[in-house]
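# Tertiary structure, described
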Amino acid sequence: MPDITAVTHAQNIRYDRKAEALYIIDQTLLPGEEKEIRLQTIDEMVEAIRALRVRGAPAIGICAAYCMYVLAKSIRTEDRPTFLKRLSDYGQKLDAARPTAVNLGWAIREMMRTALEHVHDTRGQMLDALYERAVAIHEDDIAKCRAISEYGLSLLKEGDGVLTHCNAGPLATSRYGTAQGPFLLAAERGMHIRVFADETRPLLQGARLTSYELQRAGVDVTLICDNMASIVMKNGWVQACFVGCDRVAANGDTANKIGTSGVAILAKHYGIPVYVLGPTSTIDMACPDGDHIPIEERDGEEIKTMWYEKPMALPEVKCYNPAFDVTDHELIAGIVTEKGICRPPYTKSLKALFDDKK
């Protein structure tokens, strides 16, 4: 029997306080194997983020916060300037692992700010404060994902078809997720939503992760290749597109997994609204527009060899493998946050989120 709770409460990132150990579910092994790995050193942490063992902007931020705590514990010095310098150096190495996701740098800055606030405390007090801040970041994301899911569900009605790209569920965030959260809430409440999940080339997060989570939770999910999005829209099977995001610029341009902008362009042609769902920590008001969002470019071998028994192109063939693209704000019907749904013009509605002191 499907078990929604088992999906929404999966611990993709787990800190065991008794064992003083940080564990993540290795997402590169899914759906064939669900395995936890322990992160202890800066090299292991950077590799896990870069290799997508942990992925999804909010999940990367949560993981980074716990990583900073683990790294702080490893620094054996009572000299505070030395301690802060080493912790800052570790933070810079973590931040460089995935440059597009703003949550990574945000979480690292939060942990550094906490260290500075407790710089005159004992070592034990400072470490306790860092651990508590990491837990708070994690718990805050759980609450935000639930709120985002509620707002997202308000945009849907019984029987709607929704297309989603990449993976923005519990594995990529915490608990319900962002772009997938409304589907899980709908299933809990007996509301039927039909989901079309793009496979999401070249790393197949939609096939390996999104369809895996939704199928396990009893959601009506149909897996399609990326180049099938147009035909399901033309057939009238899709009433909305829900996607996550790794960074939102001040003007409403959003960076998400490569292929998202193409989905939005197709949706505009067919008159289908596109909604971007993510926490306010993903909004970068210091970034004016999508042209200023750094786009990670990954190894071309992912295109030629990953998932294939034999290479699908000659070794000497050049590859261009950007991990993300930018969806223009004019293609987005709404940006769904834990504080509500922002509508155009985003220069005003996004700014209002941060002007609200509640």
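Rules used in this analysis
- Residues numbered from 1 in each chain as written.
- Predicted model: local features only at pLDDT ≥ 70, side-chain atom pairs only at ≥ 80, totals over all residues.
- Heavy atoms only, no water.
- Helix = DSSP H or I, 4+ residues; strand = E, 2+ residues; numbered from the N terminus.
- Buried < 20%, exposed > 50% of the residue type's maximum accessible area, 1.4 Å probe, protein only.
- Contact = heavy atoms within 4.5 Å.
- Areas by Shrake-Rupley, 256 points an atom, 1.4 Å probe, with all protein chains shown as cover.
- Lys, Arg positive; Asp, Glu negative; His and termini not counted.
- Charge placed at Lys NZ, Arg CZ, Asp CG, Glu CD.
- Pairing = 2+ DSSP bridges.
- Axes fitted to C-alpha atoms, helices over the stretch in contact; angles between N-to-C directions.
- Parallel < 35°, antiparallel > 145°, perpendicular 65-115°, else oblique.
- Left-handed = near helix turned anticlockwise from the far one by under 90°.
- Nonpolar A, V, L, I, M, F, W, Y, C, P; charged D, E, K, R; others polar.
- Expected span 1.5 Å × (residues − 1).
- 1 Å grid on protein atoms, 1.4 Å probe; cavity = no way out; pocket = protein on both sides within 12 Å on 5 of 7 lines; lining within 4 Å.
- Points joined across faces, edges and corners; volume = space filled by probe spheres on them.
- Salt bridge = Lys/Arg side-chain N within 4 Å of Asp/Glu carboxyl O.

## Considering the overall build of the chain
The helix and strand inventory of the chain stands at 12 helices and 14 strands. If one aligns the C-alpha atoms of the chain with their principal axes, the spans along those axes are about 65 × 55 × 45 Å. Going through the 358 residues of the chain one by one, you find that 55% of them count as buried. In the chain, of all internal contacts separated by at least 6 residues, the share reaching a separation of at least 24 is 76%. As displayed, the chain offers around 15,500 Å² of accessible surface, 53% of which is attributable to carbon and sulfur atoms. With 42 positive and 49 negative side-chain charges, the chain shows a spacing of 2 Å between the two charge centroids.

## Here's the deal with the sheet that holds strand E4 (residues 161-164)
Sheet strands associate in pairs through backbone hydrogen bonding, adopting either a parallel or an antiparallel arrangement. Spatially, the seven strands line up as an open sheet ordered E6-E5-E4-E7-E10-E13-E14, and their pairing is mixed. Only two strands of the sheet have a single partner each, and these edge strands are strand E6 (220-224) and strand E14 (340-342). Strand-to-strand twist across the sheet, computed as the mean angle between neighbouring axes with direction ignored, equals 25°. Here E4 pairs with strand E7 (residues 240-243) via three bridges, running parallel. Bridge pairing in E7 links Leu163 to Cys241. Across the sheet, helix H6 (residues 123-153) is in contact with E7, strand E10 (274-277), strand E13 (334-337) and E14; its angle to E13 comes to roughly 140°.

## Quick word on the packing of helix H3 (residues 57-74) against helix H5 (residues 102-117)
Interaxial distance between H3 and H5 falls to 8 Å at its minimum, and their mutual angle equals 30°. Considered as vectors, H3 and H5 are oriented roughly parallel to each other. Handedness of the H3/H5 crossing: right-handed. Residues Ala57, Pro58, Ile60, Gly61, Ala64, Ala65, Met68 and Tyr69 of H3 lie in contact with H5, whose contacting residues are Asn103, Leu104, Ala107, Ile108, Met111 and Met112. A per-class count over the contact of H3 with H5 returns 12 nonpolar, two polar and no charged.

## Digging into H5
It helps to recall that an α-helix has 3.6 residues per turn; residues three or four apart then point in one direction. The terminal C-alpha atoms of H5, which comprises 16 residues, lie 23 Å apart, in line with the 22 Å expected from a rise of 1.5 Å per residue. By the burial criterion, the buried members of H5 are Val102, Asn103, Leu104, Gly105, Ala107, Ile108, Glu110, Met111, Met112, Thr114 and Ala115. On its buried side, H5 packs onto helix H2 (42-50), H3, helix H4 (80-95), H6, strand E8 (247-249) and strand E11 (283-284).

## Examining H3
The first and last C-alpha atoms of H3 sit 26 Å apart over 18 residues, in line with the 26 Å expected at 1.5 Å per residue. Extensive coverage of H3 is indicated by the burial of 16 of its 18 residues.

## Focus on empty space enclosed by the protein
In the structure shown here, the tally under the stated rule is five cavities of 30 Å³ or more. What the largest cavity holds in volume is close to 190 Å³. Surrounding the largest cavity, 26 residues form its lining, Arg55, Gly56, Ala57, Asn167 and Asp246 being those nearest its centre. For the lining of the largest cavity, the secondary structure elements donating two or more residues are H3 and strand E9 (254-257). No other element matches H3, which puts three residues into the lining of the largest cavity. When the residues that make up the lining of the largest cavity are grouped by side-chain class, the tally is 12 nonpolar, 10 polar and four charged.

## Structural notes on the pattern of salt bridges
Going through the model one piece at a time under the given rule, you end up with 22 salt bridges. A salt bridge links Glu20 to Arg17; the nearest nitrogen and oxygen atoms lie 3.1 Å apart. Overall, Glu20 belongs to the partly exposed group, its relative accessible area being 27%. Taking the shortest distance from any N to any O, the salt bridge between Asp160 and Lys157 comes out at 3.1 Å.

## Comments concerning the layout of surface pockets
Which parts of space are left empty comes out when a probe the size of a water molecule is rolled across the atoms. Taken as a whole, the largest pocket holds about 260 Å³ of empty space. For the largest pocket, the lining is made up of 15 residues, of which Gln11, Ile13, His138, Ile142 and Arg175 are closest to its centre. By residue number, the principal contributor to the lining of the largest pocket is H6, which donates five residues. In terms of residue class, the lining of the largest pocket is made up of seven nonpolar, five polar and three charged. Approximately 160 Å³ is the volume found for the second largest pocket. In terms of lining, the second largest pocket is formed by Val102, Trp106, Arg109, Lys144, Thr280, Ser281, Ile283, Asp284, Glu338, Lys339 and Phe354. For the lining of the second largest pocket, the secondary-structure elements that each account for two or more residues are H5 and E11. At three residues, the largest contribution of residues to the lining of the second largest pocket is made by H5.

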